[in-house]
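The primary structure of each chain is shown beneath.
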Amino acid sequence: MKLGIVGLPNVGKSTLFNAITKAGAEAANYPFCTIEPNIGVVSVPDSRLDVLAKMYNPEKYTPAIVEFVDIAGLVKGASKGEGLGNKFLSNIREVDAICHVVRCFDDPDVVHVDVNADPKRDIETIDLELILSDMEIMEKRIERTKKMMKGGDKTFGTELALFERIYQCLSEEKPARSLEFDEEEAQITKDLQLITLKPVLFCANIAEDDIKNPNIPYVNVVREIASKTGAGVVVISAKIEEDLGQLDPEDRQMFLDDLGLDSAGLDKMIQASYSLLGLISYLTAGPTEVRAWTIKKGTKAPQAAGKIHSDFERGFIRAEVVAFDDLVSCGSYNGAKEKGLVKSEGKEYVMKDGDVVLFRFNV
């Protein structure tokens, strides 16, 4: 899973990125301190793997991962190249979902590109630039498709109708994801790489002092916008995440407890992103390795096996599956098997979150 962190300059993007990836991206109190997109890979927190590791004492422990891409601050006019906008917009097209960091605090010591914080205005500024950029893409696709049809190939009629519908939606300043597509249309849109088709997670960046009472007016504005557009919302303090990133695990937990928080902002972002993208994890376990694998909800066993290796899918015979809770309650795989809790599943089995699986295959 690749998530692009976007927003206006000086909203806390790079501070947040540094905190969650410890990748050392430069953070400074001026716009465009991030020129190339910084990339950091972080492990997905999953306590189930810790339990399996104690059970199997494996040689390797491999959690699922999330790749965060810190994309430089966009400004008004980015779609026309302002503030190196075209370069940054092309980076956004490559991610699975967008984490839009929105500044929800006032601080005269931190420069705001538009003088003061205003979540509604700031969100609209970014959204409009993304919409304008997608409109440019669609104009080119419509023009190309019309030329194909003039050449006598009428099979492009379906595509043209779809492209014009998308363009009309964008021209009304609505993101492409606000449209509904049938199966054929959804397949066509995959090739368009439209930014406004991507799911959005708003990260409302609040001041440290507001962390115990995050229901401030700025955050409520973000929540209201998200509810109308189907976006997700997490409330974070980039500064607190930065402080957490410098602590060892035991001190981190104490710090969270002192603040009255049940989890770090990174955990919330990952959980919300999984939900937004419809992702789950299945687990494999043994003395060699315990590992989490990320798949889409609704994935069947052979395709899930293919995540491990294409041979697993090609030569799939069956999946021996036990629910994580059942495995833990029995204390061992053999114990679960004796109680009939390990099921032998075929090609039509739909994987569930937390399934512990052994795939049988032959090629």
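None of these values were measured; they are calculated from a predicted model. Here, residues in each chain are numbered from 1, in the same order as that chain's written sequence. Predicted model: local features are reported for residues with pLDDT of at least 70 only, side-chain atom pairs are reported and counted for 80 or more only, and whole-chain, interface and lining totals are derived from all residues. Hydrogen atoms and water are omitted, and side-chain values are computed over all heavy atoms in the structure.

**Section: empty space enclosed by the protein**
- For each structure, a 1 Å grid was placed over the protein atoms alone; sets of points admitting a 1.4 Å probe that cannot get out are labelled cavities, open sets with protein on both sides within 12 Å along at least five of seven lines are labelled pockets, and lining residues have an atom within 4 Å of a point. Grid points are joined across faces, edges and corners, and a volume is the space filled by probe spheres set on the points. Per the counting criterion, the structure on display carries one cavity of 30 Å³ or more.
- Its volume calculated, the largest cavity comes out at about 70 Å³.
- Lining the largest cavity, in full, are Ile 211, Val 235, Ile 236, Ser 237, Ile 240, Glu 241, Leu 261, Ser 263, Ala 264, Gly 265 and Lys 268.
- Of all the secondary-structure elements, those providing two or more residues to the lining of the largest cavity are β7 (232-236), α8 (238-245) and α10 (265-277). Strands are runs of DSSP state E lasting at least two residues, helices are runs of H or I lasting at least four, and both sets are numbered from the N terminus onward.

**Some details on the confidence of the model for the chain**
- Averaged over the chain, the pLDDT score is 86; the fraction of residues at 70 or greater is 88%.
- As a per-residue measure, pLDDT reflects the predictor's confidence and takes values from 0 up to 100. By definition in these notes, contact holds between two residues if any of their heavy atoms fall within 4.5 Å. When the criterion is pLDDT under 50, residues 24-35 qualifies, and its contacts beyond four places in sequence or with other chains add up to 31 contacts.
- Across residues 81-85 the pLDDT falls below 50, and counting only partners more than four positions away or on other chains, this stretch makes nine contacts in the model.

**Remarks on the environment of Asp 70**
- Among the secondary structure elements, Asp 70 is positioned in strand β4 (residues 65-70).
- Considering only alpha carbons, one finds Asp 70 and Thr 15, 55 residues apart in sequence, at a separation of 10.0 Å.
- We call two N or O atoms a polar contact when they sit within 3.5 Å, provided that within protein one can donate a hydrogen and the other can accept it, with sequence-adjacent residues counted only if both atoms are side-chain atoms. Engagement of the side chain of Asp 70 in a polar contact is seen with the side chain of Ser 14, the distance being 2.8 Å.

**Some points on the side chain of Arg 93**
- Here Arg 93 shows up in the loop between α3 (85-92) and β5 (97-103).
- Here the side chain of Arg 93 touches Ser 133 through a polar contact of 2.6 Å, side chain to side chain.
- Within the structure, Arg 93 has its side chain in polar contact with the backbone oxygen of Gln 193 (distance 2.9 Å).
- Ignoring sequence-local partners within four residues, the contact set of Arg 93 consists of Ser 133, Asp 134, Ile 137, Gln 193, Leu 194, Ile 195 and Lys 198.

**With respect to the nonpolar core**
- The definition of a nonpolar core used throughout is a set of buried Ala, Val, Leu, Ile, Met, Phe, Trp, Tyr and Cys residues joined through side-chain atoms within 4.5 Å. In this scheme, a residue with accessible area under 20% of its type's maximum is buried, one over 50% is exposed, and one in between is partly exposed, where area comes from a 1.4 Å probe on protein chains only. The biggest cluster of nonpolar side chains holds 70 residues, and the ones touching the most others in it are Phe 68, Ile 92, Ile 98, Phe 202, Cys 203 and Met 269.
- Once residues within four sequence positions are removed from consideration, Ile 98 is found in contact with Gly 4, Val 6, Ile 92, Leu 130, Ile 195, Lys 198, Pro 199, Val 200 and Leu 201.
- Ranked by size, the runner-up nonpolar core spans 16 residues in total, among them Ile 142, Met 149, Leu 160 and Leu 179.

**Structural notes on the pattern of salt bridges**
- The salt bridge definition used is simple: a Lys or Arg side-chain nitrogen within 4 Å of an Asp or Glu carboxyl oxygen. Tallied over the full model, the rule gives 18 salt bridges.
- Glu 67 is paired through a salt bridge with Lys 2; the nearest N and O atoms lie 3.6 Å apart. One end of the pair, Glu 67, is in strand β4; the other, Lys 2, is in strand β1 (residues 2-6), with 65 residues separating them in the sequence.
- The partly exposed category is assigned to Lys 2, whose relative accessible area is 24%.
- Residues joined in a network through salt bridges with shared partners are Asp 46, Arg 48 and Asp 353.

**Digging into the pairing of strand β8 (residues 279-284)**
- Among the six residues of β8, six are classified as buried, and the element is accordingly described as predominantly covered.
- Side chains Leu 279, Ser 281 and Leu 283 of β8 all project onto a buried face; the interleaved residues Ile 280, Tyr 282 and Thr 284 project onto the opposite face, where all are buried too.
- One bridge is not enough; two strands pair if DSSP finds at least two bridges between them. With six bridges connecting them, β8 and strand β9 (residues 289-296) associate as antiparallel partners. Pairing of Tyr 282 across the sheet is with Trp 293, part of β9.

**What about the packing of aromatic side chains?**
- Pairing of aromatic rings covers Phe, Tyr and the six-membered ring of Trp, with a centre-to-centre limit of 6.5 Å; geometry is then stacked below 30 degrees between planes, edge-to-face above 60, and tilted otherwise. Counted according to the given criterion, the structure contains four aromatic pairs.
- Ring centres 6.4 Å apart and planes at 15° place the aromatic pair Tyr 282 and Trp 293 in the stacked group. Residue Tyr 282 is found in strand β8, and its partner Trp 293 is found in strand β9; the two are separated by eleven residues along the sequence. Note on accessibility: Tyr 282 and Trp 293 belong to one class, buried.
- If you follow Arg 291 out to its NZ or CZ, it ends over the ring of Trp 293, 4.0 Å from the centre. Only when the NZ atom of a Lys or the CZ atom of an Arg is both within 6 Å of the ring centre and within 35 degrees of the ring normal do we say a charge sits over the ring.

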